[in-house]
Amino acid sequence: MAAGDSGFFHARFRPWCFPAKHFPAPRCREWAGRVREADATASLAALRALLEQHAHKTACAILEPSVQGAAGMRPQPPGFVREVKHTKFISLLGTDFVDIDGVTILNGYADGIDPDACHNVRIANCHIESRDDAIVPKTSFSLGEHRSTENLSVTNCYLATECCCFKLGTESGGDFKYIAVSNCVMTGLPGRDSATAGIALESVDGANVRGVAVSNCTMHRVDTPIFLRLGMRGRDQDTPTAGTLRDVCIDNIVADDAAVTCTMTGIPGHAIEGVTLSNLRLSFTHGGPFCAATTPVPEVIERYPDGDMFEELPAWGFYIRHVRDLRMTNVDLELAPGFVVETES
């Protein structure tokens, strides 16, 4: 009953129903057993817009069967259910001991999989194609408290996106602990833009991030292969306070067609600590715009964390600031033949 909305009949029961969002049915007209007119464009666009805005608090999408309504008997256009099926995601909130294995997500418009304030989650053998982040663990305030995400493993996955392939920190009020990512292919969305980042580890809302290991990953058409950021945006904090980002190991990473400088940056008084980078082979085909080594780079302490948040940088491979106890071994950075330096228009 809560999912429906017939006006007068539902009005008297509304106080007992959970909230639901609605999107318009597709247009379809049959005559003499044949489909004469069919258009699901507006319906699918409305559904995708709802998911982009409300994905983090959506439990499911409910469709009428192929014949809608006792009066009118309107069929759904051919292919409509298939398109809705491909517009999907997996969102977990405060959920523990979860196995996600062998899931395929195509044509996603929201985060592919986002465990939020979850413990003991295993994600394996998944194929994800989404315009938003592919896998993005979070620690939001949606439960009314700051709860950690911990004991999370991601392995043997194909992650294609126009945003981040694997990211911690879109919502980072609670802590992130003991997280492992391995044996993944990371790439831009086929036929569309490259991914903005491959591995993005961020604490900008007070989270303590520690014990993260990333290994054996290959990247193609990923602008920023590695992005680490300790900032102080302060979402859901009365007074913005920095957290910590420490004890991170990234090993055996191959990336080609990179375009944006890898950055590891804390802020004054709050350094990233204990990072090991080993056996990296990163090839850059283009990049920039760049600035002189003597040009001050702004701290942008409260800015939303993103791979290109600093705009101009004095380095094309790695830019590192406010970092302690950093170890880099067997790191190979190369400019691909025909490297193009981008300039501001």
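Right, let's walk through the structure included here. (Residues numbered from 1 in each chain as written. Predicted model: local features only at pLDDT ≥ 70, side-chain atom pairs only at ≥ 80, totals over all residues. Heavy atoms only, no water.)

Comments concerning the overall build of the protein chain
- Of regular secondary structure, the protein chain possesses three helices and 22 strands.
- Among the 345 residues that make up the protein chain, the fraction classed as buried is 45%.
- For the protein chain, the exposed area adds up to about 16,600 Å²; of that, 52% sits on carbon and sulfur atoms. (Helix = DSSP H or I, 4+ residues; strand = E, 2+ residues; numbered from the N terminus. Buried < 20%, exposed > 50% of the residue type's maximum accessible area, 1.4 Å probe, protein only. Areas by Shrake-Rupley, 256 points an atom, 1.4 Å probe, with all protein chains shown as cover.)

Brief notes about the state of the cysteines
- On inspection of all chains with the given rule, the structure shows zero disulfides.
- With no disulfide of its own, C164 has C163 as its nearest cysteine by sulfur position, at a separation of 6.6 Å.
- Exposure remark for C164: the relative accessible area of 5% places this residue in the buried category. (Disulfide = S-S within 2.5 Å.)

Here we look at the pairing of strand 18 (residues 244-258)
- Bridging between strand 16 (residues 208-220) and strand 18 involves 11 bridges; their strand directions are parallel. Residue pairing for strand 18: A213 is matched across the bridge by C249.
- Inspection of the sheet shows strand 18 paired to strand 20 (residues 272-287) by nine bridges, in the parallel sense. Pairing of V248 across the sheet is with V275, part of strand 20. (Pairing = 2+ DSSP bridges.)

A closer look at the packing of aromatic side chains
- Tallying each qualifying case throughout the model produces two aromatic pairs.
- For the pair F284 and W316, a centre-to-centre distance of 5.5 Å together with 80 degrees between the ring planes defines the contact as edge-to-face. With F284 in strand 20 and W316 in the loop between strand 20 and strand 21 (318-321), the pair connects residues that are 32 residues apart, well separated along the chain.
- Among the residues examined, W316 registers a relative accessible area of 30% and is labelled partly exposed. (Phe/Tyr/Trp six-rings, centres within 6.5 Å; stacked < 30°, edge-to-face > 60°.)

Looking at the sheet that holds strand 17 (residues 222-230)
- With respect to topology, five strands assemble into an open sheet ordered 13-15-17-19-21, the strand pairing being parallel. If you trace the sheet from one side to the other, it starts and ends with strand 13 (164-168) and strand 21, each paired once. Direction aside, neighbouring strands of the sheet carry axes that sit 5 degrees apart on average.
- As paired elements, strand 13 and strand 15 (residues 195-203) share four bridges and run parallel to each other. Bridging from a neighbouring strand, L168 pairs with L201 of strand 15. (Axes fitted to C-alpha atoms, helices over the stretch in contact; angles between N-to-C directions.)

Overview of the pattern of salt bridges
- If you walk through the whole model with that rule in mind, you get 16 salt bridges.
- Two residues, K167 and D133, come together in a salt bridge whose shortest N-O distance is 3.3 Å. With K167 in strand 13 and D133 in the loop between strand 10 (127-130) and strand 11 (149-155), the pair connects residues that are 34 residues apart, well separated along the chain. The pair formed by K167 and D133 is uniform in burial state, with each residue classed as buried. (Salt bridge = Lys/Arg side-chain N within 4 Å of Asp/Glu carboxyl O.)

A short note on unusual backbone geometry
- Cis geometry is found at the peptide bond from G288 to P289, where omega equals 0 degrees.
- Position of P289 relative to the elements: it lies in the loop between strand 20 and strand 21.
- Within the chain, D247 stands out as a residue other than glycine whose phi angle is a positive 60 degrees.
- Along the chain, D247 turns up in strand 18.

Quick word on the pairing of strand 8 (residues 113-116)
- Burial along strand 8 is two-sided: I113 and P115 and D114 and D116, pointing in opposite directions, are all buried.
- Pairing of strand 5 (residues 90-93) with strand 8, which is carried by four bridges, proceeds in the parallel orientation. Residue pairing across strands places S91 opposite D114, the latter belonging to strand 8.

With respect to the nonpolar core
- If you look at the biggest cluster of nonpolar residues, it comprises 52 residues, and the most contacted ones within it are I123, F166, M186, L228 and I250.
- Leaving out residues up to four positions away in the same chain, F166 has contacts with I135, P137, V154, I179, V181, M186, G198, I199, A200 and L201. (Core = buried A, V, L, I, M, F, W, Y, C linked by side-chain atoms within 4.5 Å. Contact = heavy atoms within 4.5 Å.)

Regarding a nonpolar patch on the surface
- A contiguous nonpolar surface patch, about 230 Å² in accessible area, is contributed by W316, L333 and L335.
- Tracing the backbone through its elements, the reader meets L335 in strand 22 (residues 323-341). (Patch = residues over 30% accessible without salt bridge, like charges linked within 9 Å, V, L, I, M, F, W, Y side chains within 5 Å.)

Some details on the side chain of R321
- Its place among the elements puts R321 in strand 21.
- Not counting the four nearest positions on each side in its chain, R321 is found in contact with M264, T265, G266, V297, P298, E299 and F310.

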